[in-house]
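Take a look at the letters that make up each chain.
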Amino acid sequence: MNRFLLALIFVMILFSNLSAQLGGDVLGSHNFSNATTSPVSGPSSAACLYCHAPHSGIGGSTPLWAQTLSTQTYTPYSSTTIQNTPGQPMAGGTSSLCLSCHDGTVAVGQLVPYGTVTMTGTMLKSDVFGSNLQSSHPFSLNKPLKDSPNLVASLAATQTTADPLHKVNLINGNVECNSCHEPHVQNLDPVSLYFLVRDGSNGQLCLACHEANPRTVNGKTNPLAGWTTSIHAVSVNNVAASAKLGSYSTVAQFACNSCHMPHNANGTVGLLRGVVPPPANIDPATMSCMTCHNGSTNLQQPIANVYSEFAKPAGHPFPSATNTHDPNEPPVLWGNRHATCVDCHNAHSSTQVSSFLPPPNLRGSQSGTVGVSATDGTTGVIPAVKQYENCLRCHGSSTGKQSLLAYGYLQLFAVSAPDPLDVIPQFATTASSSHPVLHASTSPWPQPSLLTYMLNVDGITNSPRTLGAGLADSIFCTDCHNADDNREFGGTGPSGPHGSQYSHILERRYEFSQVAAASGPGTPIQNLFISPNLSAGGAGAGPYALCGKCHNLSNILSDASFKPGATNKGGHFTHISEQGLSCSVCHTSHGMGSVAAGISGISGERLVNFDLKVVAPNGASPISYSHATNTCTLKCHNYYHNSDGSVGVTPSSAQRVR
């Protein structure tokens, strides 16, 4: 009896015993003797012989190995946050055995003891990893293993995982292919038939090594903290087969695999899943989110289409290919400002927003995000607690801020900080006056126009959000900068500043008075709205609908809050209804900051500031405003406004408005 026949009999006995213990064709697609279950098959009926040789296998530490080993040098996974760097898999080690087929450089059936066996079929593309392993989970790590906040402590301390079934194990103290895969049994996880060592649903395989609870190591906090209660860990939303995520049913069952791919990931850093084919100029993190949040049918219960919001005229910009998010970047995005989904959301901690709680604390959809302290504009707050802390990563003290025409007209105020795009001094407690974003209102002045409730986007119905007496309550950044169809205020779209049809990502229409650039400040205003539409929303929103969300525009035009002086015909009514000026000429939307030296004539009450692109000095007199007399000194729309309330065509005239 020849050697091959003896080996065949020996292997058949072993295989029959294994099948009897586990039932069925346990080898599954690794049974190269069965063309029905495997995409690659050969002539031998002894499945084990395609990998093992009872005699004359490859020597050394290999388990009687028959398949020719690959001699490739691999490019392993890397990232800026990785603590345990991969090396080259040891030749003949467990991962090397898997790669002898799965790197695709050695054909199945190139057997050392028996020569090349003719095979039919080809391996699935998803099962071929190549020699560039940057898109595969790291393995064969350089030892000793180092601790990291997103790893269970026992991994480095005792080289043991947190798997309660003790199925996920380190191999000789290292992560290898068979830490996660059992190559002899395809269906230990009866749903996900990827030779997993145990049931991997709900992220159980990943959680054996990756910590889901708060943990700090070397000053770094765990970005996975909060996973167990996050929406991606608990969602029962069914995933459609067309999404091609795998065999589980719900987002919660797919868990980590909803966003990540352990092999052949589309985004190498973070092993992120993404849209196939990948769209141009979209960063990997955003593409991963687009798998479900792009209005597709990948989820059987559709969710809000966030991606479509970015395509609106004013949408947060996607980062360029050279300016993407990095998990290791500092809280303040100095000179590297970008807007990826993960700058404002932490997919491992985000929870579903079932109710819209009042400000200033951020909503559950932003749980676990990075923030910046409003006290100094530089100290990181991890995780962020207030919504504005997250916004200040880009809109505070960071460098690289730009005023882009795509986002609309930008005012130039008479009182302004050195960095006019830094909103911190505009909203600070030291500000002369401000909308109450960073703090509750401290205004001593009555607010006769203030509504009891914020209006919904239809401009008619009341939202659940109340306005405290005198704006005693805080407000969110997103009360003004929000999707024009957001569901918080009665729409059907996603909430948040993803994009809007209105400039500056404003929730509602707000027009800015402007003059012709060639004519310069003080000259006639171009976009006049005589007797303007006062609608605060809806399809026919008026030019000041955003202000009308919180303020009764009819009350404002009655001059209840800007009473006419002895020589004025009217305050707001004259300027807005008769002369068609926008609120933007005389008011700043955010806040005044501290009144600068040399601008003492503008005290800052009631957000009064002047757009220097529209108004000019009154001859030799500096621009000023007196709250006591409700008068200003400046030139606007070719008229000189004098400190005594008179208005004329020259600085010295005293023509009265009748």
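Residues numbered from 1 in each chain as written. Predicted model: local features only at pLDDT ≥ 70, side-chain atom pairs only at ≥ 80, totals over all residues. Heavy atoms only, no water.

J.: What is the right way to look at helix α2 (residues 94-102) in this model?
T.: What sets the pattern is the α-helix's 3.6 residues per turn: residues three or four places apart point alike. The element α2 is largely enclosed, with a buried count of seven among its nine residues. Those residues of α2 that sit buried are Ser-95, Ser-96, Leu-97, Leu-99, Ser-100, Cys-101 and His-102. Lining the buried residues of α2 we find α4 (177-180). Phi for Gly-104, located one or two positions after α2, is positive at around 80°. (Buried < 20%, exposed > 50% of the residue type's maximum accessible area, 1.4 Å probe, protein only. Helix = DSSP H or I, 4+ residues; strand = E, 2+ residues; numbered from the N terminus. Contact = heavy atoms within 4.5 Å.)

J.: Whenever I open this one, helix α11 (residues 387-395) confuses me. Can you help?
T.: A large share of α11 lies buried, amounting to seven of its nine residues. When α11 is considered as a whole, its buried residues turn out to be Gln-387, Tyr-388, Glu-389, Asn-390, Leu-392, Arg-393 and Cys-394. Looking at the packing, one finds that the buried side of α11 touches α10 (341-344), β6 (371-372), β7 (380-381) and α12 (424-427).

J.: Hey, could you run me through the sheet that holds strand β12 (residues 631-636) in this one?
T.: In any sheet, the strands associate via hydrogen bonds between backbone groups, in a parallel or an antiparallel arrangement. Across the sheet, four strands lie side by side as β11-β12-β13-β14; this open sheet has antiparallel pairing. The sheet terminates laterally at β11 (624-626) and β14 (647-648), the two strands that pair on one side only. Bridge count for β11 against β12 is three bridges, and the pairing is antiparallel. Within β12, the residue paired with Ser-624 across the bridge is Thr-633. (Pairing = 2+ DSSP bridges.)

J.: Quick question: what am I supposed to make of the pattern of salt bridges here?
T.: Note on pairing: side chains with opposite charge can pair once their charged atoms come close. Under the defined criterion, the tally for this structure stands at 14 salt bridges. As a salt-bridge pair, Glu-329 and Arg-393 come within 3.5 Å of each other at their nearest N and O atoms. Taken together, the positions of Glu-329 in the loop between β5 (314-315) and α10 and Arg-393 in helix α11 put the pair 64 residues apart, joining distant regions of the chain. In this pair, the class of Glu-329 matches that of Arg-393, namely buried. Residue Arg-465 pairs with Asp-479 through a salt bridge whose shortest N-O separation is 2.7 Å. Of this pair, Arg-465 sits in strand β9 (residues 462-466) while Asp-479 is found in the loop between β9 and β10 (499-500), placing the two residues 14 residues apart along the sequence. Residue Arg-465 is classed as buried on the basis of its relative accessible area of 8%. Salt bridges here are not isolated pairs; linked through shared partners, they connect Glu-309, Lys-312, Asp-484 and Asp-485. (Salt bridge = Lys/Arg side-chain N within 4 Å of Asp/Glu carboxyl O.)

J.: Would you mind going over unusual backbone geometry with me for this structure?
T.: One can expect most non-glycine residues to show negative phi and most peptide bonds to be in trans. In this model, Pro-359 is joined to Pro-360 through a cis peptide bond whose omega is 10°. Of note, Pro-360 is situated in the loop between α10 and β6. Pro-383 follows Ile-382 through a cis peptide bond whose omega is 0°. Position of Pro-383 relative to the elements: it lies in the loop between β7 and α11. One non-glycine residue with positive phi stands out, namely Leu-271, at about 50°. Its location among the elements puts Leu-271 in the loop between α7 (251-254) and α8 (284-293). The class of Leu-271 is buried, set by a relative accessible area of 8%. Despite not being glycine, His-637 has its phi angle at roughly 45°, a positive value.

J.: So what exactly am I meant to see when it comes to the environment of Ala-107 here?
T.: With respect to the secondary-structure elements, Ala-107 resides in the loop between α2 and β1 (110-111). On the basis of relative accessible area, Ala-107 is assigned to the partly exposed category, the value being 41%. A C-alpha to C-alpha distance of 9.2 Å links Ala-107 and Thr-122, two positions 15 residues apart in sequence.

J.: I'm lost on the nonpolar core in this one. Help?
T.: As a rule of thumb, nonpolar side chains are buried together in soluble globular proteins. Judged by nonpolar contacts, the single largest core of 32 residues is most densely connected at Phe-610, Val-614, Val-615 and Cys-636. Of all the secondary-structure elements, those providing two or more residues to this core are α13 (545-548), α14 (553-557) and β12. Leaving out residues up to four positions away in the same chain, Val-614 has contacts with Tyr-409, Ser-513, Gln-514, Val-515, Pro-521, Gly-522, Thr-523, Ile-525, Val-585, Lys-635 and Cys-636. Tyr-388, Leu-467, Cys-477 and Cys-550 belong to the second-largest nonpolar core, a separate cluster that totals 20 residues. (Core = buried A, V, L, I, M, F, W, Y, C linked by side-chain atoms within 4.5 Å.)

J.: Could you clarify how one ought to interpret the packing of aromatic side chains in this entry?
T.: Geometrically, a pair of aromatic rings is defined through the distance of the ring centres and the angle of the planes. One pass over the structure, following the stated rule, counts seven aromatic pairs. On the basis of an interplanar angle of 85° and a centroid distance of 5.8 Å, the ring pair of Phe-32 and Tyr-50 is categorised as edge-to-face. Of this pair, Phe-32 sits in the loop between α1 (3-22) and α2 while Tyr-50 is found in the loop between α1 and α2, placing the two residues 18 residues apart along the sequence. The class of Tyr-50 is buried, set by a relative accessible area of 2%. Geometrically, the ring pair formed by Phe-529 and Tyr-544 is edge-to-face, given 6.3 Å between the ring centres and 80° between the ring planes. (Phe/Tyr/Trp six-rings, centres within 6.5 Å; stacked < 30°, edge-to-face > 60°.)

J.: I would appreciate a short explanation of the state of the cysteines in the present structure.
T.: In a disulfide, the sulfur atoms of two cysteines are held together by a covalent bond. On inspection of all chains with the given rule, the structure shows zero disulfides. Cysteine Cys-292 remains unbridged, with the sulfur of Cys-259 as its closest cysteine sulfur at 7.1 Å. Here Cys-636 is not disulfide-linked; the sulfur of Cys-586 is the nearest cysteine sulfur, at 6.7 Å. Assessed through its relative accessible area of 4%, Cys-636 is described here as buried. (Disulfide = S-S within 2.5 Å.)

J.: Looking at this structure, how should I read the confidence of the model for the protein?
T.: Should pLDDT be low for a region, the predicted coordinates there are not to be read in detail. In the predicted model, the protein carries a mean pLDDT of 88, and the fraction of residues at 70 or more is 92%. Low confidence marks residues 1-23, where pLDDT is under 50. Its contacts with residues over four positions away, or in another chain, come to 28 contacts. Within the model, pLDDT remains below 50 along residues 653-658, and this stretch shows 16 contacts once partners closer than five positions in the same chain are excluded. (pLDDT = per-residue confidence, 0-100.)

J.: Looking at this model, I keep getting lost on the environment of Ile-475. Mind explaining?
T.: With respect to the helices and strands, Ile-475 occurs in the loop between β9 and β10. As a C-alpha pair, Ile-475 and Ala-252 span 223 residues in sequence and 34 Å in three-dimensional space. Those residues within four positions of Ile-475 in sequence are excluded, and the remaining contacts are Pro-359, His-435, Pro-436, Val-437, Met-454 and Arg-465.

J.: Sorry, what's going on with the pairing of β12 here?
T.: Where a strand is regular, its side chains alternate between the two sheet faces. Among the six residues of β12, six are classified as buried, and the element is accordingly described as predominantly covered. The side-chain alternation of β12 yields two buried faces, one formed by Thr-631, Thr-633 and Lys-635 and the other by Cys-632, Leu-634 and Cys-636. Count of turn residues in the β11/β12 antiparallel hairpin: four residues, of which Asn-630 carries a positive phi of about 55°. Pairing of β12 with strand β13 (residues 639-641), which is carried by three bridges, proceeds in the antiparallel orientation. Bridged to Leu-634 within β13 is His-641. Where β12 folds back on β13, the antiparallel hairpin that results is connected by two residues, among which His-637 adopts a positive phi of roughly 45°.

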